[in-house]
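Structural description and commentary
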Amino acid sequence: MVYLILALIAVATISYKRYFPVLGVKCHPLSELDLSQIEILDVRDYNESYKNPIDGAINIPISYFKRNMHEIPHKELHLVVSSLLEKNIGIRTLQKKGFRVVGYTFVRNHELNKCPLEIHC
C-alpha cells in the first residue's frame with residue numbers, strides 16, 4: 001500500500017512538471033518583442049532549429065541545459081518552442097535556476113505561429 005502511494009506521488013509530480021501549464025508566462029509573437037530588453041532562447045531540438053533558425057537567438061535545446069547553462073545570459077528570456085512539453089519543462093527549469101522567463105513563441109511546421117488555441121495570448 002505504501003509503495004502504491006509513493007508511486008502515485010511520483011507520477012503526479014512528473015505529470016505536473018511536464019503537462020500542467022506554467023502560470024504568468026504569456027505567448028507573444030517575435031515581431032512584438034523589444035530585442036534590446038530581452039534575449040531570445042531557442043530550446044527546440046537542433047534538428048528543428050537548423051531547418052528554421054531564428055535570427056539573434058541562442059540555441060540551447062532542453063537536453064543540453066545542464067552542460068550549457070553558463071551560456072545563457074542573465075537577462076529577461078523569451079523562449080522559442082515547438083511543443084507545450086518543451087515550453088513547460090524549459091520555463092520550469094530556467095526559473096528553478098534563477099532566470100526570468102517573460103514569454104514564449106511556438107514554431108510549428110517550420111513557421112512562426114501564433115499561440116495554440118488552448119492558450120490565450
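For the structure given in this document, a descriptive report is provided here. (Residues numbered from 1 in each chain as written. Predicted model: local features only at pLDDT ≥ 70, side-chain atom pairs only at ≥ 80, totals over all residues. Heavy atoms only, no water.)

Our next topic: the packing of aromatic side chains. Applying the stated criterion to the full structure yields 2 aromatic pairs. Both rings, one in Tyr-46 and one in Tyr-64, keep their centres 5.3 Å apart while their planes meet at 55°; by these two values the pair is tilted. Of this pair, Tyr-46 sits in helix H2 (residues 46-51) while Tyr-64 is found in the loop between strand S3 (58-59) and helix H3 (65-68), placing the two residues 18 residues apart along the sequence. Assessed through its relative accessible area of 34%, Tyr-46 is described here as partly exposed. Ring geometry for Tyr-104 and Phe-106: centres 5.6 Å apart, planes at 85°, overall edge-to-face. You can call Tyr-104 buried: its relative accessible area is 1%. On the basis of relative accessibility, which here comes to 0%, the residue Phe-106 falls in the buried class. (Phe/Tyr/Trp six-rings, centres within 6.5 Å; stacked < 30°, edge-to-face > 60°. Helix = DSSP H or I, 4+ residues; strand = E, 2+ residues; numbered from the N terminus. Buried < 20%, exposed > 50% of the residue type's maximum accessible area, 1.4 Å probe, protein only.)

Let us now look at the pattern of salt bridges. By the definition in use, this model includes 3 salt bridges. Measuring nitrogen to oxygen at the nearest pair gives 3.8 Å for the salt bridge that ties Glu-39 to Lys-75. Remark: Lys-75 occurs in the loop between H3 and strand S4 (76-81) and Glu-39 occurs in strand S2 (residues 38-42); sequence separation between them is 36 residues. On the basis of relative accessibility, which here comes to 33%, the residue Lys-75 falls in the partly exposed class. Residues Glu-76 and Arg-100 are paired through a salt bridge, measuring 2.2 Å at the closest nitrogen-oxygen approach. Taken together, the positions of Glu-76 in strand S4 and Arg-100 in strand S5 (residues 100-108) put the pair 24 residues apart, joining distant regions of the chain. Residue class for Glu-76 comes out partly exposed when judged on its relative accessible area of 30%. (Salt bridge = Lys/Arg side-chain N within 4 Å of Asp/Glu carboxyl O.)

Within the secondary structure, Asp-42 is located in strand S2. Owing to a relative accessible area of 3%, Asp-42 belongs among the buried residues under this scheme. Of note is the side chain of Asp-42, whose polar atom sits 2.7 Å from the side chain of Arg-44. (Polar contact = N/O pair within 3.5 Å; in protein donor to acceptor, adjacent residues only side chain to side chain.)

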